Amino acid sequence: MTQPTAAIVTPRASAVQGFFRELTRSKSGFVGLIIVLLIVGMSAIGPLVVDPSNPTDVNAIWGRPSAAHWLGTDGAGKDTFKQIVLGGRTVVFVGFAAAAITTVIAVVIGSLAAYFRGRFDAVMLQITDVVMTIPQIVLLAVMGAFFRLDSPLWLALLIGALSWPILMRSIRAQVLSLKEREFVEAARLLDLGTFRVVFGEIVPNMASYILINFIIAVTNAIYALVGLYLLGLAPLAGSNWGIMINDAWMKGAMFQNDALPYILSPVAMIVLLQLGLIMLTRTLEEILNPRLRDK
Amino acid sequence: MRQTAASDAEPILSARDLVVAYRTGDGKSVEAVRGIDFDLYPNQSLALVGESGCGKTTLGLGLLRLLPRLGSIPRGDVTYRYRDGRTIDVTELGKKDLRRWRWREAAMVFQGAMNAFNPVLKIIDHMSETLKAHPEKNSPKTRTQIYDRSAELLRSVRLEPRQVLDSYPHELSGGMRQRVLIAMSLLLEPQLLILDEPTTALDILTQRAIVDVLAELRDKYKFAMIFISHDLALAAELADRVATMYAGRIIETGNVRDIFYGPRHPYTSGLINAVPPVVGDLPELASIPGNPPGLNALPQGCSFNPRCSYVIDECHTVEPELLTITERPAGMTHAAACLRWQDVQHERKVIARA
Amino acid sequence: APAQPDSPQSGGEFHGAWPYKQPPEGNFNNAGNPFGGLPYRILSDGIYGDLICLPSAYYYWADKKWEMMLAESYKLDEAAKTFTVKIKSGLKWSDGKDLTSKDYLTTFYCQYILRTSLWSFVDKIEAPDDTTFVLTMNSPSTVVERYILRSNIISTAVFGEMADKAKALHESGKDMDSPDGQTLSSDFNKLLPKEYVANGPYNLDYKSISNTQVTLVKNKTGYAADKVKFEKIVVYNGETPEVTPLVQSKDVDFATHGFPTASEKSFMQEGFRILRAPVYSGPAILFNLDKLEEFKDPRARQAIAHALDRNTNGTVALGDSGKGVQYMAGFSDAQLDDWLSAEDKGKLNTYDFDKDAAAKLLQQAGWKKSGKSWMKPDGKPAQYEISFPQPFADWSAAATNAAEQLSNFGIKVTPRGVDDKQAPVDIDKGNFQLAIQGWGASNHPHPYFAFVQDLFTHNIPIAKNQGGKGMAFELKTTTKAFGKVDLTEIVTAAGQGLNEAEQKANVTKAAIAFNELLPMVPLFERYGNNPALEGKRVKKFMADDDPILKNAPYADNYVIIWLLLGKLEPASA
Amino acid sequence: MPDQNDSTQPLIRLTGVSQTFRSKKGDIPAVDDVSFSVGPGEVLCLVGESGCGKTTSARAAAGLTKPTGGTVEFEGKDIWSMSKQEFTSFRKSVQYVHQDPYASLNPIRNIFKTVSTPLRKHGIAKNGRDAWEQSARLLEKVSLTPAENYLSKFPHQLSGGQRQRVAVARALSLNPRLIIADESTSMLDVSIRVGMLNMLGKLRDELGIGFLFITHDLAIAKYFGWQGKTAVMYLGRVVEFGPTPDVINHPKHPYTRALLDAVPEPDPDLTQTKKPGGGLRSSEIPSLRDLPSGCTFHPRCPLFEPGLCDGISPQLAAVSATREVSCHVVARSVAAESSSAGTAT
Amino acid sequence: MTTASVTAERRTSEASFGVVLRKVRNSYVLRRILRALFVIYLVATGVFFMVRLLPGNPVDVYINSQIAMYGKSYETAAAEAAALFSFDPGTPMWRQYVDYLVGIVRGDLGMSILSPGTSVVQKIALHLPWTLFSVGLAMIISVSIGLLLGMVMAYRRGGIIDHGVSTLGSVLHAIPNYLFAIMVVVIGAVQLHLIDFTRMRGHSTPGVTPEFSFRYLSDALYHATLPMVVYIFTTVGTWALVMKSSTTQILGEDYVTVARARGLGDGRIRSMYVGRNAVLPLVAQIATQAGFVVGGAIFVEQTFSYDGIGITLFQSINARDYPVIQGILLVITITVVLANLIADLVYSVLDPRIRTGERED
Ligand SMILES: Nc1ncnc2c1ncn2[C@@H]1O[C@H](COP(=O)(O)OP(=O)(O)OP(=O)(O)O)[C@@H](O)[C@H]1O
Ligand SMILES: Nc1ncnc2c1ncn2[C@@H]1O[C@H](COP(=O)(O)OP(=O)(O)OP(=O)(O)O)[C@@H](O)[C@H]1O
Ligand SMILES: [Mg+2]
Ligand SMILES: [Mg+2]
Ligand code: NI
């Protein structure tokens with residue numbers, strides 16, 4: 001029997017090293033990562049380093065892109081580019097936070113319900129059906145009347161708490177059949193504990209599915225936020241990409257060529273974010289599904 | 001022993017210097033199967049035995065070009081001969097031809113038959129799909145014809161068609177699934193049948209029944225068979241020829257009697273001696289000492305040298321070729337890849353049944 | 001392939017736009033216009049309904065004159081407190097019946113059911129002969145004139161029965177709150193005529209009503225049918241976002257929708273003219289005096305007026321159609337000369353954009369500046385939230401800009417958009433600090449209505465219906481100019497009586513008091529920005545300096561008047 | 001079934017366990033009234049026809065499915081009325097190796113993760129390095145050497161036999177007291193198989209681990225279960241039971257005899273002499289949905305006696321101190337023997 | 001009749017009642033339906049109270065909207081609102097609630113407050129078919145194309161189609177549908193004159209009467225094109241991406257390799273082996289989305305003046321037309337719950353591995 005020799009890399013070190021190797025697995029995945037990091041970084045750091053003053057200028061209303069205003073100006077003559085740089089934080093935060101909440105709730109409830117079946121499942125399904133069918137506009141309008149929906153965290157919670165049921169149902173469906181697999185039984189036999197069995201053995205098998213849904217949930221959450229603005233349910237305070245889209249929509253920016261950059265740039269940022277995330281999945285998919293690795 | 005086909009017959013399948021490699025990450029790859037050379041003649045049955053992990057399944061998959069994404073055939077040819085005498089190189093077959101070739105000409109019973117079935121389809125659907133995918137003039141077409149044909153084959157592998165055909169795969173026991181797959185492999189009467197450990201989950205009676213069915217059908221349809229098994233007894237019964245593999249290579253080949261009565265490779269000999277007998281008192285059995293080598297770190301020279309009791313210095317430097325021991329036609333040649341084949345003494349301490 | 005619409009006929013076509021609902025959701029009960037009525041009466045809740053059922057006359061806001069339509073003449077008898085309308089003879093309904101004073105009775109009795117404001121002045125109405133309609137007032141008021149002359153006249157054939165019941169009810173001394181009144185009201189709700197019976201030059205082409213457009217065709221026997229130059233009027237259905245692309249693609253000749261500046265700009269690029277008529281109203285900043293003690297001092301409010309560049313505010317919100325309020329009189333600058341003498345006008349403070357003046361006023365009111373921010377008299381930093389109905393693009397821009405300006409000035413104001421349904425409720429209930437709501441009134445030329453909006457609507461008198469006090473501005477107060485005043489009395493007096501001089505005195509008083517007290521700070525006055533396309537289907541619209549463009553667009557629409565007078569002509573006649 | 005060793009509680013005891021699967025076409029009585037027990041250090045081999053209910057019985061014994069009838073006890077306690085804690089300790093004490101190594105390994109976990117997770121979870125390995133070393137040792141135990149080569153591989157990169165060994169290594173990770181092995185050596189070459197059986201035998205002897213050993217290979221049953229017992233199953237029932245050497249060397253039930261007659265030898269000449277079909281009257285296996293009346297084996301039984309065998313179904317009854325057989329004919333001859341023996345005394 | 005026979009009868013009826021009860025308890029389907037009904041009741045109740053918690057009531061909202069929109073004076077607006085007399089906010093809440101529930105059971109959803117003389121059922125019947133037609137059709141197309149693309153992407157993982165579709169799909173998904181709709185109009189109609197927007201808007205051409213004829217159907221299809229295009233383009237990417245990940249998972253399964261070994265046609269493998277198993281997890285998603293088809297798309301319908309249920313709901317919420325809001329939401333609830341129910345039942349048929357008969361306690 002050979003003794004473990006120096007050739008053995010400790011699992012931890014290899015994991016860290018491996019992680020970086022994994023990140024560069026796929027070229028487009030890496031590009032995606034860069035895009036996502038750039039957008040998230042800009043949104044997080046932008047407001048800290050850029051001078052936030054962006055004065056109204058009645059002589060430059062709906063200005064075209066120019067040297068002074070790279071992306072033109074808005075209906076109050078304010079610089080669009082600055083708004084893009086400064087206005088990502090809330091939107092990106094709400095997008096990720098709400099998507100995380102949605103996904104976590106959906107995965108936790110969906111997989112546990114399917115795993116336990118029985119009464120727990122029945123009750124959870126019932127709740128899911130109710131949450132799913134509760135008319136969101138009305139609920140939000142009522143909430144908006146009684147609470148101030150202006151903290152990003154609240155908005156994220158609210159959006160997240162309302163959008164999990166669909167994913168939950170499809171997670172549940174998958175777990176129903178995954179839990180019948182023998183490797184799950186094996187894990188149960190090893191008494192790994194429900195938590196590990198469900199979240200360590202079953203759920204990772206749908207990781208890439210969950211991941212895609214998470215990414216889709218990010219954009220969905222962002223547009224849910226914009227929707228709240230559009231419907232007048234979330235208060236417009238300050239400026240962010242969502243408010244910009246709302247503003248552009250309200251002011252008919254898409255009917256006017258000069259005003260197009262104003263509505264297109266926040267949308268473009270969201271598109272880029274989504275695109276980056278989707279490209280990133282190529283790498284993540286390979287990390288999550290060893291059978292796809294071909295390098 | 002069954003009489004093999006006329007020696008002047010052409011082989012159905014010939015592999016030449018076949019190599020199968022798997023990519024293993026970091027741009028590296030391992031050759032799981034190397035330098036495979038053999039001819040398979042009609043109505044011949046070749047048993048492939050050997051160490052677990054030595055590349056038997058890989059070879060089988062390679063022959064049918066069913067390797068997973070990361071598997072590839074970097075070198076070698078596999079020539080297949082149709083009933084009408086046409087020959088093709090399987091490794092160069094086009095997509096459409098490959099599809100038609102598979103199962104109609106060459107079928108395979110997979111190891112781990114548990115997952116071989118689409119979980120959402122009933123067994124009867126699997127059967128009828130297979131038939132419909134290869135339409136022939138006289139192949140069964142209507143539902144009842146298909147049912148009858150499937151039932152017949154299932155019965156021949158000792159399954160109760162009424163229960164099985166209407167079941168979903170997960171409703172069958174492990175052995176039942178294996179047998180369904182065997183039945184399915186016979187559905188189109190292929191010329192070449194690769195059976196990868198087809199009886200691991202079968203009891204002896206069922207095994208026997210299947211062995212008999214295969215023998216019967218082989219006589220009838222003159223197909224050739226590659227039979228991968230760890231059950232040497234079964235190999236002894238079913239095969240005309242045996243090939244022993246070790247670490248990706250064929251290290252000994254010959255007819256059954258050669259192998260079971262006079263193995264010339266120390267590994268083959270050790271393997272046969274490790275078979276526990278069913279009769280008599282408890283024997284002392286010993287496994288071959290040492291451990292199988294890793295694919296990415298094969299020993300220099302003969303891969304078996306660390307475990308070999310006949311090892312000499314030369315074994316560490318030369319990787320021996322298959323050396324002919326007894327020349328015979330139609331692939332029945334006895335050959336062993338051992339420098340000291342002449343010295344290998346084999347004696348099985350069998351306590352024959354009283 | 002699409003089905004071909006019934007082929008367009010030759011002759012002039014005019015394309016307008018107005019939102020409506022298709023039947024059966026939309027209906028043809030046009031009683032009460034324009035001072036009441038059922039919702040979703042197709043086109044009749046707007047300017048195009050006039051083409052089907054005309055009023056007695058139209059008003060020229062600039063000239064303060066009536067253009068007679070169905071009426072031949074009218075007479076106000078102060079002594080007898082009567083208002084008499086002489087109806088043109090020979091008028092015909094589209095069902096062939098004659099239009100007589102009976103129809104006037106029907107019209108106004110139906111307004112009784114609809115509880116229009118007119119009836120608070122009415123003693124009785126009579127029709128002494130076929131062409132004479134006499135209304136006797138209980139408390140005389142000049143506003144009655146507009147209520148009567150501007151009411152669209154409806155047909156007895158359709159509404160006669162209802163009118164008879166209303167008459168009986170009125171004569172028995174019961175009002176609409178009585179059980180009988182309630183029954184009548186709900187019966188009226190169920191009265192859904194199949195079609196309009198028209199007296200104007202057009203009627204609907206009922207087959208053509210789709211959810212996207214409706215066509216008006218000539219009603220040959222209608223009044224002015226011989227004058228109007230267009231064979232057909234096509235009205236596209238939709239609110240601003242739906243109509244904008246239609247305008248852009250030049251399918252619409254004239255639209256009264258409130259278009260945002262970006263759209264306006266694109267229309268101009270497409271070759272549209274923009275007609276800018278004053279709307280006589282706009283957004284103002286409201287203070288919640290119940291919550292914000294510091295603004296109870298008028299000087300604080302005046303300071304806010306000084307601190308804001310109202311022209312910028314208007315421009316940001318509506319471009320050329322947002323004109324900063326100059327005189328801060330509580331009603332439109334455009335009407336000021338009509339009601340105030342030059343001398344009185346001179347007394348008005350124009351609260352020019354002047355940060356120093358603002359600072360001075362604040363200091364006088366006990367505020368202190370610390371660094372860049374203002375401290376309230378209680379020493380705490382001044383920080384407010386201004387809520388605004390978010391879906392209204394111009395108001396939301398106004399709010400955001402005002403907040404920005406005030407923040408720059410040192411009073412930190414955060415804009416907070418709220419649901420437009422919620423906004424007025426919040427304000428009435430007192431759930432706000434600062435808010436944007438409207439000032440002025442746009443369908444009635446009399447400043448009385450503007451003052452009602454400014455001082456009553458979101459203030460104690462009307463907000464109490466919602467169980468709150470609104471901006472909680474006490475109407476009994478003291479002014480430097482007049483000492484103790486009761487604004488309720490002044491405003492009511494301004495709208496009452498038949499003596500114009502007396503009214504002017506009261507309007508002046510109210511205006512000066514408003515100017516001094518600034519219960520709300522009007523920001524800008526909205527002007528229409530109606531795109532008008534010349535040369536495609538319509539030859540020419542009125543010139544920009546035509547006084548008719550002083551008419552409020554939704555009250556006495558200039559284009560409709562021109563149409564009726566035959567002044568609007570097809571491009572290729 | 002009488003307990004041989006009264007002094008120690010059996011680890012696991014099945015009493016009258018039945019399992020009926022419901023399906024649209026009717027119920028399938030996969031297991032019917034099966035009883036057996038396994039004590040510490042004992043081996044019970046379960047052999048029988050494919051589809052006769054071995055896996056199903058084993059799953060019931062492992063507490064993976066709740067049988068539709070009968071009880072399963074672990075150390076004298078019914079596992080389905082255990083407290084959570086007791087059940088947990090039962091879970092840890094009893095390990096089950098699945099028949100199919102292709103399905104029982106999580107495809108996205110590498111071998112290290114697969115083997116080390118239970119080690120980490122149950123505190124057997126204290127840190128990552130420890131887990132690595134222990135996992136390596138487990139793999140080496142099952143002849144997966146050099147272990148480092150395998151630890152970072154994923155199941156799809158392994159051969160059938162390699163997977164099977166990983167499954168066994170995983171089962172060993174928790175130092176169980178009872179191992180239920182469902183055809184766990186079927187994909188191994190004989191050499192490794194023998195090595196593995198020797199290794200397991202050592203565990204049994206040294207640590208007193210009990211084994212429920214399912215196999216179709218009577219030679220393996222004999223080799224591994226020499227000191228234990230063997231139960232032969234047919235169509236959901238146990239038809240013969242007794243000490244392994246006795247059962248294999250002196251089968252009593254006609255089915256067991258047929259099985260043994262059919263055992264092939266790695267000897268081409270010898271094999272040719274085997275009776276096809278093991279000397280049975282028929283090779284048809286009756287459908288579980290439609291079992292033959294009386295003794296379910298009667299349509300195939302060479303000893304079939306009309307009237308006796310197709311009437312009532314025989315019970316598993318003692319034919320000697322250690323043997324139990326469920327066969328009318330055998331029971332009769334035993335009765336005759338014992339009565340003659342009785343008169344002799 | 002003798003006493004004996006009476007008791008016997010009672011016993012049998014009791015027995016049969018017991019049987020029914022047990023059947024209900026034992027039948028998965030029945031239990032599932034009962035649960036669905038309960039959910040509908042719950043949501044309907046929630047909606048009832050939520051609607052009344054909305055700020056403002058129809059009268060006030062009407063007044064305020066008239067003032068804000070046309071600058072009418074408060075008095076004028078209030079007078080108009082007085083005509084909305086059919087609504088009496090003074091009725092006690094519980095009374096309204098009971099009436100509402102009784103109405104639902106009877107299939108009577110009440111009368112619209114704002115469109116006098118129009119019942120809610122009539123209103124729904126007026127708008128829902130258009131939404132069902134356009135969004136339903138678009139959804140079928142979008143799901144089919146999406147699933148197909150997703151599979152192709154998984155098959156050609158890393159290929160040009162994969163990269164192309166996932167880029168395009170994620171871009172399209174990230175553009176909100178209302179914006180996309182406007183772009184179609186502005187770019188397609190106003191700037192490039194590619195589409196005759198003025199004629200295409202709405203759900204049918206003026207003067208074309210509803211009938212079952214080719215002329216009418218093709219007209220309806222013509223008008224539905226724009227909303228459908230928008231729906232398809234903005235959703236197809238999502239389906240493709242989700243399907244891709246699901247398919248990738250299935251492609252690794254052994255039975256796919258075996259199917260290939262069996263020489264099954266590619267089409268067969270793609271549909272029955274890969275496709276069908278890959279779709280399984282999506283069934284729930286698709287069904288739920290299908291349930292939401294009746295919800296329509298507010299802003300898209302608005303942009304194209306497509307008078308569907310979405311914009312109607314939006315307008316009635318804005319106008320606080322309580323019965324209409326309740327009615328439409330009830331319909332949506334019922335469809336979604338029904339879709340879920342069907343999804344559950346279908347799923348257990350599609351995936352035989354799942355034991356639906358399992359005890360639930
Ligand atoms: N989920 C199920 N639904 C219906 N029938 C089943 C199910 N599982 C097993 N069976 C049936 O129960 C019987 C016994 O199956 P089991 O798996 O126990 O057999 P086994 O003895 O392990 O066979 P093998 O040696 O072939 O694995 C078989 O006939 C099988 O078809
Ligand atoms: N996808 C893969 N990537 C890398 N290595 C692989 C892959 N698949 C198999 N191998 C390795 O290739 C070798 C041969 O595997 P193969 O499955 O052919 O063995 P086998 O002879 O069939 O063994 P067994 O009898 O255990 O089934 C093994 O050592 C295995 O680890
Ligand atoms: Mg293999
Ligand atoms: Mg089994
Ligand atoms: Ni036209």
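Residues numbered from 1 in each chain as written. Chains lettered and ligands numbered in written order. Predicted model: local features only at pLDDT ≥ 70, side-chain atom pairs only at ≥ 80, totals over all residues. Heavy atoms only, no water.

Naming follows an unreviewed UniProt entry, where chain D appears as Peptide/nickel transport system ATP-binding protein of Microlunatus panaciterrae.

Enquirer: So what's going on with the site of ligand 1? Which residues, and what values?
Expert: In the vicinity of ligand 1, 22 residues are found, and the nearest of them are Gly175(B), Gly51(D), Lys54(D), Thr55(D) and Thr56(D). Glu171(B) places a polar main-chain atom, nitrogen or oxygen, 2.8 Å from an oxygen atom of ligand 1. Between ligand 1 and the protein, one listed contact pairs an oxygen atom with a backbone N or O atom of Lys54(D) at 2.6 Å. Within the complex, 91% of the 630 Å² of free accessible area of ligand 1 lies under protein. Listing elements by their share of the shell around ligand 1, those giving two or more residues are α6 (174–185) of chain B together with β2 (28–38) and α1 (54–61) of chain D. Taken together, the residues of the shell around ligand 1 break down into 8 nonpolar, 11 polar and 3 charged. (Near = heavy atom within 4 Å. Polar contact = N/O pair within 3.5 Å; in protein donor to acceptor, adjacent residues only side chain to side chain. Areas by Shrake-Rupley, 256 points an atom, 1.4 Å probe, with all protein chains shown as cover. Helix = DSSP H or I, 4+ residues; strand = E, 2+ residues; numbered from the N terminus. Nonpolar A, V, L, I, M, F, W, Y, C, P; charged D, E, K, R; others polar.)

Enquirer: Describe the coordination of the magnesium ion (ligand 4), naming the residues involved and giving the relevant values.
Expert: Ideal values differ by geometry: the angle at a metal is 109.5 degrees with four tetrahedral donors, but 90 or 180 degrees with six octahedral donors. Residues and elements named next belong to chain D. Protein-derived ligands of the magnesium ion (ligand 4) are Thr 55 (OG1) and Gln 99 (OE1), with the metal-ligand distances lying across 1.9 to 2.3 Å. Of the two residues, Thr 55 sits in helix α1 while Gln 99 sits in the loop between β6 (94–97) and α3 (111–121), which places them 44 residues apart along the sequence. Take Thr 55: its relative accessible area is 23%, and that puts it in the partly exposed class. For Gln 99, a relative accessible area of 11% corresponds to the buried category. (Donors = N, O, S within 2.8 Å, 3.2 Å for Na, K, Ca; no water. Buried < 20%, exposed > 50% of the residue type's maximum accessible area, 1.4 Å probe, protein only.)

Enquirer: Tell me about the sheet that holds strand β9 (residues 213–218) of chain C, and please be specific about residues and values.
Expert: Residues and elements named next belong to chain C. Here we have 4 strands laid out as an open sheet, ordered β1-β10-β9-β8, and mixed in their pairing. Sheet topology places β1 (13–17) and β8 (202–204) at the edges, where each strand pairs with a single neighbour. Pairwise comparison of adjacent strand axes, ignoring direction, gives a mean angle of 25 degrees for this sheet. Note that β1 and strand β10 (residues 232–236) share 5 bridges and pair parallel. (Pairing = 2+ DSSP bridges. Axes fitted to C-alpha atoms, helices over the stretch in contact; angles between N-to-C directions.)

Enquirer: If you had to explain the environment of Val425(C) to someone new, which residues and values would you point to?
Expert: Within the element layout of this structure, Val425(C) appears in helix α13 (residues 422–429). For the pair formed by Val425(C) and Gln466(C), sequence separation is 41 residues and the distance between their alpha carbons is 7.1 Å. In this view, Val425(C) contacts Gln466(C) and Gly56(E); residues no more than four positions away in its chain are not counted. (Contact = heavy atoms within 4.5 Å.)

Enquirer: Provide a residue-level description of the pattern of salt bridges, including the pertinent values.
Expert: Within this structure, the stated rule accounts for 75 salt bridges over all chains. With its nearest N and O atoms 3.3 Å apart, the salt bridge here joins Lys251(A) to Asp247(A). A salt bridge links Asp50(C) to Arg150(C), with the shortest nitrogen-to-oxygen separation between them at 2.8 Å. One end of the pair, Asp50(C), is in the loop between β1 and β2 (57–60); the other, Arg150(C), is in the loop between α2 (143–149) and α3 (156–171), and 100 residues separate them in sequence. Each member of the pair Asp50(C) and Arg150(C) is classed as buried. When salt bridges with common partners are traced through the structure, they connect Asp129(A), Arg169(A), Arg32(E) and Asp344(E) into a single cluster. (Salt bridge = Lys/Arg side-chain N within 4 Å of Asp/Glu carboxyl O.)

Enquirer: For the packing of helix α4 (residues 89–116) of chain A against helix α8 (residues 165–178) of chain A, give the residues involved together with the corresponding values.
Expert: Residue and element names in this part refer to chain A. At their nearest, the axes of α4 and α8 sit 8 Å apart, and the two run at 35 degrees to each other. As for how α4 packs across α8, the hand of that crossing is right-handed. Of the residues in α8, those in contact with Thr 103, Ala 106, Val 107, Ile 109, Gly 110, Ser 111, Ala 113, Ala 114 and Tyr 115 of α4 are Leu 167, Met 168, Ile 171, Arg 172, Val 175 and Leu 176. Among the residues making up the contact of α4 with α8, the classes are represented as 11 nonpolar, 3 polar and 1 charged. (Left-handed = near helix turned anticlockwise from the far one by under 90°.)

Enquirer: Give a description of the site of ligand 2 that names residues and reports values.
Expert: What surrounds ligand 2 is a group of 23 residues, the closest being Lys56(B), Thr57(B), Thr58(B), Ser159(D) and Gly161(D). Each of chains B and D places residues next to ligand 2. In this structure, an oxygen atom belonging to ligand 2 sits 2.9 Å away from a main-chain N or O atom of Gln157(D). Contact between ligand 2 and Gly160(D): an oxygen atom at 3.3 Å from a main-chain N or O atom of the residue. Compared with its free state, where it exposes 630 Å², ligand 2 has 97% of that area covered by protein.

Enquirer: So what about a nonpolar patch on the surface? Which residues, and what values?
Expert: A surface patch of nonpolar side chains, about 400 Å² in accessible area, is lined by Val29(E), Leu30(E), Ile33(E), Leu34(E) and Leu37(E). In this structure Leu34(E) comes out as partly exposed when scored by relative accessible area, which is 47%. (Patch = residues over 30% accessible without salt bridge, like charges linked within 9 Å, V, L, I, M, F, W, Y side chains within 5 Å.)

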